[in-house]
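Structural characterization, general
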Amino acid sequence: EDLFQVADLMQPIARRQKVSRVLVGAVLGSLFFEASTRTRVSFGAAFCRLGGSVCDTTGFTFSSMAKGESIYDTSRVMSGYVDALVVRHPEQGSVAEFARATHIPVINAGDGPGEHPSQAILDLYTLQREFSRLGKLVDGTHVAMVGDLKYGRTVHSLFRLLALYRGLKFTLVAPPSLEMPSHLIELVARNGHVVEVTPSLENGLRGADVVYATRIQTERLAGETVEGYTPEFQIRKALVDAVCKPDTVLMHPLPRD
Ligand code: ASP
Ligand code: CP
């Protein structure tokens, strides 16, 4: 929430109504070994708008990882050139491995099916802004999470972040093979929240204050077939009108399928 106050102060800078040069001379290393539009470009744009510069490499082909270089060596070498790293990588736990190899700050921009913490912080910021407009609090709210809850890293991070608040109700709506990992459900339930799991979109969305939809992470399925993910699983206006409230907030980290 302290960060959100800083974010509020920085909005005019993002819109170029004000200028800040707090990062003059600083260099961000941007390493994206998985597809990205928003995260890669927004980290770069933010750094540039604050006067810093960005050195990047995208995909495995154009870094020396294509020659078999380890995460440890890549991280050590990069930290000789740049002041901070932002890393996306297809393996869970890999960004933590980058961080262990260096003393410069390393930001996780997505580690396979693991976590996407910057997305979760941004989602909470968005939600709080919507809620302050609606006069609602995050405490006690009903959040429906929909879609690929097994491989969708944004929901893993958001679920854990929202669990820091009090008395939430979560309905987790996923096809049977793509349910939220049980260790996360147990963690959130231990924090005193109500967690319900259902394959029914209609039941899961009923009465929700927030609907957070996600894409099926097809790039992680490795030959698995997804049963029960039918077109009826789409978030349609008719269904939202029928079972949600007039002020239900609809969210999606994008890209949408
Ligand atoms: N862009 C988000 C991610 O990288 C969500 C998605 O790709 O479905 O996790
Ligand atoms: N939301 C998000 O992470 O988008 P990208 O995958 O395009 O970066």
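Here the structure is shown first, and the text comes after it.
The following refers to the structure shown. (Residues numbered from 1 in each chain as written. Chains lettered and ligands numbered in written order. Predicted model: local features only at pLDDT ≥ 70, side-chain atom pairs only at ≥ 80, totals over all residues. Heavy atoms only, no water.)

Overview of helix H1 (residues 2-14)
End to end, H1 covers 18 Å across 13 residues, agreeing with the expected 18 Å (1.5 Å per residue, within 8%). The largest bend in H1 comes to about 35 degrees, at Asp-8, with the proline Pro-12 one to four residues further on. Every buried residue of H1 is accounted for by Phe-4, Gln-11 and Ile-13. Among the structural elements, helix H2 (38-49) and helix H5 (117-134) are those in contact with the buried residues of H1. Positive phi appears at Arg-16, one or two residues downstream of H1, with a value of about 60 degrees. (Helix = DSSP H or I, 4+ residues; strand = E, 2+ residues; numbered from the N terminus. Expected span 1.5 Å × (residues − 1). Bend = angle between axes of the 7 residues up to and from the residue. Buried < 20%, exposed > 50% of the residue type's maximum accessible area, 1.4 Å probe, protein only. Contact = heavy atoms within 4.5 Å.)

Observations regarding the packing of helix H6 (residues 153-162) against helix H7 (residues 182-190)
Between two packed helices, both the angle of their axes relative to each other and the distance between the axes serve to describe the pair. Running from N to C, H6 and H7 point in directions that differ by 15 degrees, and their axes come no closer than 9 Å. If you check the angle between H6 and H7, you find them roughly parallel. Along this stretch, H6 crosses H7, giving a crossing that reads as left-handed. Residues His-156, Phe-159 and Arg-160 of H6 touch H7, and the partners they reach there are Leu-184, Ile-185, Leu-187 and Val-188. (Axes fitted to C-alpha atoms, helices over the stretch in contact; angles between N-to-C directions. Parallel < 35°, antiparallel > 145°, perpendicular 65-115°, else oblique. Left-handed = near helix turned anticlockwise from the far one by under 90°.)

Details of the packing of aromatic side chains
Summed over all chains, the structure comprises 4 aromatic pairs. Ring centres of Phe-4 and Tyr-125 lie 5.2 Å apart, and the angle between their planes is 50 degrees; on these two criteria the pair is classed as tilted. A residue pair is termed long-range when its members are at least 10 positions apart, and Phe-4 in helix H1 and Tyr-125 in helix H5 qualify at 121 residues. There is no split in this pair, since Phe-4 and Tyr-125 are both buried. Centroid distance Phe-159 to Phe-170: 4.9 Å. Interplanar angle 90 degrees. Geometry classified as edge-to-face. One end of the pair, Phe-159, is in helix H6; the other, Phe-170, is in strand E6 (residues 169-173), with 11 residues separating them in the sequence. Grouping residues by exposure puts Phe-159 and Phe-170 together as buried. Cluster of aromatic residues (ring-pair linked, three or more members): Phe-33, Phe-60 and Phe-98. (Phe/Tyr/Trp six-rings, centres within 6.5 Å; stacked < 30°, edge-to-face > 60°.)

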